[in-house]
Amino acid sequence: MEQEQAKEIREILKEVKYPGTPKNIVELDMVQHIRVDERGVAFRLVFQRSNDPFVQAVEKKCRALLAGRGEVDIETVFMHDLERPLSLEKVKHVIAVSSGKGGVGKSTVAANLAVALANLGYKVGLVDADIFGPSMPKMFGCEDAQPYMETVEGQELIVPVEQYGVKLLSIGFFVDPASATVWRGPMASNALKQMVEQGYWDELDYMLIDLPPGTSDIHLTLVQTVALTGAIVVSTPQQVALADAVKGIHMFESPGIGVPVLGLVENMAWFTPAELPENRYYIFGKEGAKRLAEEKGVPLLGQIPVVQGICDGGDAGKPVVLNPDSVTGAAFMALAEATVKAVDGLQEGAKRVRINKQ
């Protein structure tokens, strides 16, 4: 009986749209722990951030819809205040690597950025959340690896594969990549949650999450599963890619998500022949992402040139940044340093805000 009443409350609250989005608060998994008894209705209302401007408006709408059902007890909590999963307790920063469209080299950027951060001496983890096209096992040369379970403080956790100083989990380790492409949204989202929440990550300075291209339910699942430090958006200089990059920036900065954009990465910025490292050929346009970064007021974290070594390294399972003295390797090392600086800048900004409030 109680389950039926809770289901009825959920149906009623589906009328509450989160401002600025087409989705309702039930779809966004903001309504949790519903309890119905003789006194009335009680439930938890989860927001991403404590500075969400729509808290009062959403609460007011919920109370209006439930008027006449006795007391309406709403516990408002914020995702960043909730207890983190055991697997993430020792993870300092979680960064999403995103792109508005496929084919811009997002996964290549994520893989090389992870290895570059490890080269700088940081403890790094990488989640291959590109469920529909998991490529990290091949890029890291560990397609035959088999992660195993380990009991940690009474909880069964998945031990990531370690390669090139990076802890790695990918859906590609568990299923045939060809079958992953036909997964529906809920299956893909659940797979992502399991890898993030049940991975035995231990201590990490940075966890990178390689997202599928575009905007989807998987992106919403991510921000509901873990408090992201920020997001990196990858694009090429082409206008069609830049248009989709704008969508990605707006998604992360929307009130319903509220994740800081650390900056843009312009991949395939120019072509440089390996034998002529000083030459630059702008085959996809010149500095399109740089101009977009200036327009949107976000940093340009790096410009990555195209050389034959990127493709060869990815296919061979050896990220090009393993040779940091190469043209592209140096570009990825510079990207890692810029990313660290951007994260540090967010922390300093947060400290200043707290000091001013006090």
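As shown above, the structure is provided for reference.
Nothing here was measured: the structure is a model prediction, and the numbers come from that model.

Participant: Before we go on, may I ask you to explain the overall build of the protein in this structure?
Facilitator: In terms of helices and strands, the protein carries eleven helices and 13 strands. Out of the 358 residues belonging to the protein, those deemed buried represent 51%. Sequence separation of 24 or more characterises 74% of the internal contacts of the protein that already satisfy a separation of 6 or more. For the protein, the exposed surface amounts to about 17100 Å²; the carbon and sulfur share of it is 49%.

Participant: Could you clarify how one ought to interpret the pattern of salt bridges in this entry?
Facilitator: Should the charged atoms of two oppositely charged side chains come close, the side chains can pair. The tally for this structure, following the rule as stated, stands at eleven salt bridges. Here E8 ties to R69 by a salt bridge, and the two come within 2.6 Å at their closest N and O atoms. Pair noted here: E8 is in helix 1 (residues 2-13) and R69 is in the loop between helix 2 (55-65) and strand 3 (71-78), with a separation of 61 residues, a long-range link. By relative accessible area, which is 39% here, E8 ends up partly exposed. R69 gets classed as partly exposed once you look at its relative accessible area, which sits at 33%. A salt bridge links E75 to R44, with the shortest nitrogen-to-oxygen separation between them at 3.6 Å. Taken as a pair, E75 in strand 3 and R44 in strand 2 (residues 40-47) lie far apart in primary sequence, 31 residues in all. You can call E75 partly exposed: its relative accessible area is 40%. When salt bridges that share partners are traced, they join R35, D37 and R39 into one network.

Participant: Looking at this structure, I do not really get the side chain of S170. What am I missing?
Facilitator: Here S170 lies in strand 9 (residues 166-170). By relative accessible area, which is 0% here, S170 ends up buried. A polar contact of 2.9 Å, which involves the side chain of S170, links it to the side chain of D128. Beyond its immediate stretch of four places on either side in the chain, S170 contacts D128, P134, P137 and M195.

Participant: Please clarify how the side chain of S326 should be interpreted in this entry.
Facilitator: The residue S326 is located in the loop between helix 10 (308-316) and helix 11 (327-357) in this model. The exposure class of S326 is buried, given its relative accessible area of 18%. For S326, the side chain forms a polar contact with the main-chain nitrogen of G329, separated by 3.0 Å.

Participant: I keep staring at the sheet that holds strand 3 and nothing clicks. Help me out?
Facilitator: The three strands are arranged 1-2-3 in an open sheet whose pairing can be described as mixed. The open sheet has two edge strands with one neighbour each: strand 1 (31-36) and strand 3. Neighbour-to-neighbour, the strand axes of this sheet turn through a mean angle of 15°, independent of strand direction. The pairing of strand 1 with strand 2 spans four bridges and is antiparallel. If you follow V31 over to strand 2, its bridge partner there is L45. Sheet contacts for helix 2: strand 2 and strand 3; angle to strand 3, the most-contacted strand, approximately 155°.

Participant: Even after reading the chapter, I still don't get the packing of aromatic side chains, so can you show me in this structure?
Facilitator: Inspection of the entire model under this criterion finds five aromatic pairs. Measuring from ring centre to ring centre gives 5.7 Å for Y18 and F54, while their planes differ by 90°; the resulting arrangement is edge-to-face. Taken together, the residues span a long stretch of sequence, with Y18 in the loop between helix 1 and strand 1 and F54 in the loop between strand 2 and helix 2 at a distance of 36 residues. Owing to a relative accessible area of 23%, F54 belongs among the partly exposed residues under this scheme. Where F271 meets Y281, the ring centres are 6.4 Å apart and the plane angle is 35°; that geometry is what we call tilted. In this pair, F271 is assigned in strand 12 (residues 261-271) and Y281 in the loop between strand 12 and helix 9 (288-296), connecting sequence segments ten residues apart. With a relative accessible area of 30%, F271 lands in the partly exposed category. Of the residues examined, Y281 reaches a relative accessible area of 39% and is grouped as partly exposed.

Reading guide: rules and limits
- Counting from 1, residues in each chain are numbered in the order their sequence is written.
- Restriction of local features to residues with pLDDT of at least 70 applies here, the model being predicted, together with a cutoff of 80 or more for giving and counting side-chain atom pairs; totals for whole chains, interfaces and linings are based on all residues.
- Computation of side-chain values covers all heavy atoms of the structure but excludes hydrogens and water.
- In DSSP terms, a helix is any run of H or I states spanning at least four residues, a strand is any run of E spanning at least two, and both are numbered starting from the N terminus.
- Relative accessibility decides the category of a residue: with a 1.4 Å probe and only protein chains considered, values under 20% of the type maximum give buried, values over 50% give exposed, and everything between is partly exposed.
- We call two residues in contact when some of their heavy atoms are within 4.5 Å.
- Where accessible areas are quoted, they stem from the Shrake-Rupley method and a 1.4 Å probe; at the residue level, only the protein chains shown are allowed to cover.
- Basic side-chain nitrogens of Lys or Arg form a salt bridge, by our definition, when they fall within 4 Å of a carboxyl oxygen of Asp or Glu.
- Contacts described as polar in this section are N or O atom pairs within 3.5 Å, which, within protein, must combine one atom able to donate a hydrogen with one able to accept it, while residues neighboring in sequence count only if both atoms come from side chains.
- In this description, strands pair whenever DSSP reports at least two bridges between them.
- A fitted line through C-alpha atoms serves as each axis, taken over the contacting stretch for helices, and the angle formed by two N-to-C directions is quoted from 0 to 180°.
- Here is the rule: rings of Phe, Tyr and Trp (six-membered ring for Trp) pair when centre to centre is within 6.5 Å. Planes less than 30 degrees apart are stacked, more than 60 are edge-to-face, and the remainder are tilted.

Keep in mind that these numbers describe shape and distance, not what the molecule does.
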